[in-house]
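Examining the three-dimensional arrangement
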Amino acid sequence: MSVQAGHGQDTNMDERIGSGLKQRTKQALQDEFLRKAVAFTTDKLKNGRLQAMDAFGDWEAWRDRGRAIREHTNSHLDYYLSQFADNVAGNGGHVYFCSGADDAVKTFMGIADRHKAKLVAKGKSMVSEEIHLNHHLEDRGIEAIETDLGEYILQLARETPSHLIIPAIHKNKQQIADLFTDASGQHFEPETKVLAEYARKKLRNYFLEADIGLTGCNFGVAESGSITLVSNEGNGRMVSTLPKVHVVVMGMERLVPTFEDLEVVLNLLARSATGQKLTTYTSILTGARHPEDLDGPEELHVIILDNGRSAQLGDPIFQEVLNCIRCAACLNVCPVYRHVGGHTYGSVYSGPIGAVLTPLLQQDMKEAGTLSYASSLCGACYEACPVKIPLHDMLVHLRHRKVKMKLTSLPERAAFKTFQTVFGSVTLYKLATKSGYYLQKPLVRGGMIKAGPAPLSGWTQSRFMPMMPKQSFRDKWAALQAELAAKKAAREEQR
Amino acid sequence: MRVSLFITCLSDLLYSEVGESVVRILSDYGCDVDFPEAQTCCGQPAFNSGYQDEAREVARNLIRAFEHSDYVVSPSGSCTGMVHHYYPYLFENEPEWKAKAEALVGKMYEFSQFLVQVLGVTDLGASFPHKVTYHPSCHAMRLLGVKEEPMKLLSCVDSIDFVELPKKEDCCGFGGTFSVKMADMSEAMVCEKAVNVCSTGAEVLVGTDMGCLMNIGGRLNKEGQPVRVMHLAQLLEEGRTSR
Ligand code: SF4
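Along each chain, residues carry numbers from 1 onward, in the same order as the chain's sequence is written. Going through the entries in the order they are written, you letter the chains from A and number the ligands from 1. Since the coordinates come from a predicted model, pLDDT governs what is reported: local features require at least 70, and pairs of side-chain atoms require 80 or more to be given and counted, while whole-chain, interface and lining totals use all residues. Derived side-chain values reflect all non-hydrogen atoms in the structure, with water molecules and hydrogen atoms excluded from consideration.

**What about the packing of helix H18 (residues 410-423) of chain A against helix H4 (residues 52-65) of chain B?**
It is at 9 Å that the axes of H18 of chain A and H4 of chain B come closest, and there the two elements cross at 10 degrees. Comparing their axes, H4 of chain B and H18 of chain A come out roughly parallel. Contacts from Phe416, Lys417, Phe419, Gln420 and Phe423 of chain A of H18 of chain A reach H4 of chain B at Asp53, Glu54, Glu57, Val58 and Asn61 of chain B. Of the residues belonging to the contact of H18 of chain A with H4 of chain B, the class tally is 4 nonpolar, 2 polar and 4 charged. An axis is simply a line fitted to the C-alpha atoms; with a helix, the fit covers only the stretch in contact. Between two such axes, the angle follows the N-to-C directions and lies from 0 to 180 degrees. The helix count covers DSSP runs of H or I at least four residues long, the strand count covers runs of E at least two residues long, and both are numbered beginning at the N terminus. Put simply, angles under 35 degrees are roughly parallel, angles over 145 are roughly antiparallel, angles from 65 to 115 are roughly perpendicular, and the rest are oblique. Any pair of residues with heavy atoms lying within 4.5 Å of one another is described as a contacting pair. Classification convention: Asp, Glu, Lys, Arg as charged; Ala, Val, Leu, Ile, Met, Phe, Trp, Tyr, Cys, Pro as nonpolar; all other residues, Gly among them, as polar.

Here's what the structure looks like:
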C-alpha cells in the first residue's frame, strides 16, 4: 500500500472560514454518520471526564492550580523560553525559533535536506497541521506517514483532523474498514481490533525505515529542557526513538516551568481529555541519545513556533487563550460541536477553542472572526476547561472586535443603533412595542407567528413564535397592585 | 422588605403572567413589591452580538431605573447573569458608573435564588399533581451559579411526579440572536432538546428563563407536542392556589 501525504484541502480546509461557515454547517447537519459518530464519542469522553473528576476529588482546586501555572508561565514566557532553549541546547539539541508557518516549514525542510530524507514518520502534532507540513512535504516528494491511528485513517481519506485528540472522530467503523479495504486491496470487517492490529503491523515498518521522526510536544519542561509526549498508542515513543533524527514542532506557549508543575498539568490533561488517570504512555525526552543510552535519536531538533501567539501576550482579554492545554474537553461538551463536528469550523482548530484561537492566530477578523458566532454562549466550554479559560467571554469579545472594525453588516449595525435608542428610553420603548403589536398582525395565525420574513424566518424555520399580546406586564401593573393591596387589607382585617 | 421587579423585556412583552406569578408569590412572603417604570432591557442582545457601546447605554437606563431599590428580583437567570457578569466590565472606564453597576450587582437576584437564598423559603406549600420535567438554563447555572435552588423548590412541591430530563445541561440552542443568525445550528440543538423533553413523557416542562422556554416551547408547538411549558414561578403559584 502506498500512502500519499494528505493535503486535505479538497475536503476540509476552507479559505472561506467565515463566509463558508453556514454552507459547511448545512452539509454537516445532513451527514447522519458524522452526527452519530461525533455524538457517540463526545458523550463517552464527557462521561469519562466527569467520573475522573469525581474520583480525583478537589477538582476545583486542581483547576485553580493548573490555571495559575499556565498563567504564570505565559506571563513570564520570555524567561521560560530562554531557559527551555538553553537546556535543550545544553543536552545537545538544536532549537529554532520560527515566527511564522513558512519559517517553520523552511526550517524543517533544511533539516530534511541535510539528511536527504525520503520518509518522515509522524506522531500526532496539531502544530504540524497548523503549518500544513504534510502538504509541503508532498510537494517536495518526501513521503510522510502518520503513525497515530486516527491520523493514519485521515491520511488514507485525505482529510484533516476534526478533533484535537480524536482526529477521526467523525468516522465510524464501517467507513474506516472501507478505507482500509480500498488502500490494501484486502477485505476488512468493521472490527476495531482487526483494524487496529492491521494498522499497527503496517506502521511498525515505517518507524524503522523513516529518516526522520516528527512529533509535537504536549509540554516542554523549562527547568530541564525536556519534551513531554503523551499518547495511548505508543507511537509517539517509537517515532521519537527509532529514527536517527527526531524533530519536535511545538507552539511557543507549550511550556511549564518545573516537573512539579508538569504533574499538575498531566493530571488535568489526561482526566479532562479521556477520563484516564494518566495516558497509557507518557514519554519525557531530555536531549538526543546520550552515550550511555541504549536507544534514541542521534539528533534532536526543536522547532518553536510563534505564528500569532506572541501577539496575544499582554492582551488583557486574550492572553489566557495561550493557557490552553489542548485537552479538547471544551469540544466534547460543546452543543454546537456535537451537531456539526470539527470540519464545519474550516480550521485546524475546531470547537470553542478553535473558534477563539483561529481568528487570534491568523489575526483575521473578517473571515476567521466569523467563527465567534458559532456559539450560543452557553458557557459549557468554560465550565469544562481544566485551566478555566473563559471561552464564552472571549467569543463575545471577538464579536465586539468585529463590530469595532466595522466588519458587520450595515443593516445589523443600524438595527443595534435602533435597539440602543428604543431600549435606552422607556418612552420610546413603549411607543415601539405598541406599534409592534399592530405590525405583527399580518403574520399571526391562531395566536402564533408560524412564518415570517428574514431575519424572523431564521426563528420560524424550526419554531413557532408566540404573538405579542395586547397588554404587556406594565399595562397590567396597576390592576395587579390593586389586587395585592386588597389582599393585604383583607389579611389585616382578619388579624 | 422592599423588592423591585425587573420583569425583563421578553416577559414584559410576551409573558406578563410570569411577572404576575412572581409578584404574587413575593408579596405573599411579605415583600413590598414595586415596579420601576423606567426599566426596559438589560442590553444583552446587543452585548452578545458584540455591540458593547449600544449595550452600555441600555445598561445605563437599567441601572438608573433601579438606583433606589433595596432588592431587585428578575424571572430570568440570563438577564440577571448579564448584570452580574458583564455590567462592571461595561463601565470599566467610568468609575462613577462602575460603582453604580456594582451596587446593582449586589442587590440583584434571580427569582429562585432570591426565594432560597434571601427569603430562606423552599417549601411554598404548593401541590402540583402532574408529570413534570425541568430544563436548567445555561446562564443561571454557569454565569450565576444557580444550580440547586430551582430543584430545592420543586422537590418541596406536593404530589409532583418529577422526571429528570436526559442531557439536561445541554443548551437548548436559544442564545438570543444566535437562534436567528446561526439558525441551522440552533435548530439542531432545539430539535434534540425537544426530543429529550418528549422522551420523558412529561406533561409539563418547567424552567427559569423565558428565552429558553420560548425556544423549546416554540419547537414543541411546531411539532404539535402536547407539552405545557411554564416558568417555575407559574408552576409554584398555580400549585399554591389550586390547593
Ligand atoms: S480551551 Fe480548555 S477545555 Fe478547551 S482544549 Fe484548551 S484546555 Fe482544554
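**Quick word on the UniProt feature "domain: Cysteine-rich" (unreviewed entry) in chain B**
Residue and element names in this part refer to chain B. UniProt positions are given in the numbering used here, feature names are shortened, and annotations may be inferred rather than shown by experiment. With numbering aligned to this structure, UniProt lists the feature "domain: Cysteine-rich" (unreviewed entry) at residues 3-83 and 132-216. Annotated as 54% helix and 12% strand, the span residues 3-83 places its first and last C-alpha atoms 17 Å apart. With 48% helix and 11% strand, residues 132-216 has end C-alpha atoms that lie 15 Å from one another.

**Regarding the domain arrangement of chain B**
All names here are of chain B. Each domain's limits were defined by an automated method or a database of domain assignments. Parsing chain B into structural domains produces domain 1 (2-118) and domain 2 (131-241). Of note, the centres of domain 1 and domain 2, computed from C-alpha atoms alone, are 22 Å apart. The interface of domain 1 with domain 2 comprises 31 residues on the first partner and 22 residues on the second. By convention in these notes, a salt bridge is any Lys or Arg side-chain nitrogen within 4 Å of a carboxyl oxygen on Asp or Glu. A salt bridge links glutamate 237 to arginine 24; its shortest N-O distance comes to 3.6 Å. Distance and chemistry together define a polar contact, namely a pair of N or O atoms within 3.5 Å, with one atom able to donate a hydrogen and the other to accept it when in protein, and with adjacent residues in sequence counting only for side-chain atoms on both sides. At the boundary of domain 1 with domain 2, the tally comes to 9 residue pairs in polar contact (both at pLDDT 80 or more). When contributions to the side of domain 1 that touches domain 2 are tallied by element, the ones reaching two or more residues are helix H1 (9-13), helix H2 (16-28), helix H3 (44-48), helix H5 (77-90) and helix H7 (111-118). No other element matches the 7 residues that H2 contributes to the side of domain 1 that touches domain 2. Grouping the amino acids of the side of domain 1 that touches domain 2 by side-chain chemistry returns 12 nonpolar, 15 polar and 4 charged.

**As for the interface of chain B and chain A**
Counting residues at the interface gives 73 residues for chain B, matched by 70 residues for chain A. Around 6,300 Å² of area is buried between chain B and chain A when both sides are counted, 59% of it from carbon and sulfur atoms. Of the charged contacts in the structure, one is a salt bridge between aspartate 184 of chain B and lysine 26 of chain A, with a shortest N-O distance of 2.6 Å. Linking chain B with chain A are 39 residue pairs in polar contact (both at pLDDT 80 or more). For the side of chain B that touches chain A, the element with the highest residue contribution is helix H11 (residues 183-199) of chain B, accounting for 9 residues. Defined here as a combined quantity, buried area equals the accessible surface (1.4 Å probe) lost by two parts on assembly, summed across both.

**Considering the packing of helix H5 (residues 101-114) of chain A against helix H7 (residues 133-140) of chain A**
All names here are of chain A. Where H5 contacts H7, the axes come no closer than 11 Å and their chain directions differ by 45 degrees. What the angle tells us is that H5 and H7 run oblique. Seen from above, H5 lies across H7 with right-handed handedness. Every residue of H7 that contacts H5 at Val105, Phe108, Met109 and Asp113 is listed here: Leu133, His136, Leu137 and Arg140. The class makeup of the residues in the contact of H5 with H7 is 5 nonpolar, 1 polar and 2 charged. For any pair of crossing helices, the crossing counts as left-handed if the nearer helix is rotated counterclockwise from the farther one by less than a right angle, and right-handed if it is rotated clockwise.

**Considering the sheet that holds strand S9 (residues 281-285) of chain A**
Residues and elements named next belong to chain A. We call two strands paired when DSSP finds no fewer than two bridges between them. Spatial strand order, S8-S5-S6-S9: 4 strands in an open sheet with mixed pairing. Of all the strands in the sheet, just strand S8 (255-256) and S9 have a single pairing partner and so form its edges. Contacts from helix H12 (residues 259-273) reach strand S5 (219-221), strand S6 (226-231), S8 and S9 within the one sheet, and its direction differs from that of S5 by about 170 degrees.

**Digging into the environment of leucine 26 of chain B**
Residue and element names in this part refer to chain B. If you trace the backbone, leucine 26 turns up in helix H2. Exposure remark for leucine 26: the relative accessible area of 1% places this residue in the buried category. The sequence separation of leucine 26 and leucine 119 amounts to 93 residues, and the corresponding C-alpha distance is 9.2 Å. Discounting residues that sit within four places of it in the chain, leucine 26 has contacts with Val3, Cys31, Val33, Val73, Phe114, Leu115 and Leu119. Type-normalised accessible area, obtained with a 1.4 Å probe on protein chains alone, sets the label of each residue: buried when under 20%, exposed when over 50%, and partly exposed for intermediate values.

**What to know about the confidence of the model for chain B**
For chain B, the average pLDDT comes to 97, and 100% of its residues sit at 70 or higher. Listed scores for the predicted complex are pTM 0.95 and ipTM 0.96. Confidence of the predictor in every single residue is expressed as pLDDT, which spans 0 to 100.

**Examining the pairing of strand S7 (residues 245-251) of chain A**
Residues and elements named next belong to chain A. Within S7, 7 of the 7 residues are buried, which leaves it mostly tucked inside the rest of the structure. Neither face of S7 is left uncovered, since the one carrying Val245, Val247, Val249 and Gly251 and the one carrying His246, Val248 and Met250 both have all their residues buried. Bridging between strand S4 (residues 212-215) and S7 involves 4 bridges; their strand directions are parallel. In the sheet register, glycine 213 faces S7, and the bridge partner there is histidine 246. Pairing between S7 and strand S10 (residues 299-305): 7 bridges, direction parallel. Bridging across to S10, methionine 250 finds its partner in isoleucine 304.

**Some details on the pattern of salt bridges**
Counted by the stated rule, this structure contains 46 salt bridges over all chains. Residues aspartate 64 of chain A and lysine 388 of chain A are paired through a salt bridge, measuring 2.7 Å at the closest nitrogen-oxygen approach. Taken together, the residues aspartate 64 of chain A in helix H3 (residues 59-75) and lysine 388 of chain A in the loop between helix H16 (380-384) and helix H17 (391-404) connect sequence positions 324 residues apart. Under the relative-accessibility criterion, lysine 388 of chain A is labelled buried at 18%. Close ionic contact of lysine 417 of chain A with glutamate 54 of chain B constitutes a salt bridge, the shortest N to O distance being 3.3 Å. One end of the pair, lysine 417 of chain A, is in helix H18; the other, glutamate 54 of chain B, is in helix H4, on a second chain. Through salt bridges that share partners, Asp43, Lys46 and Arg338 of chain A together with Lys167, Asp170 and Glu192 of chain B make up one connected network.

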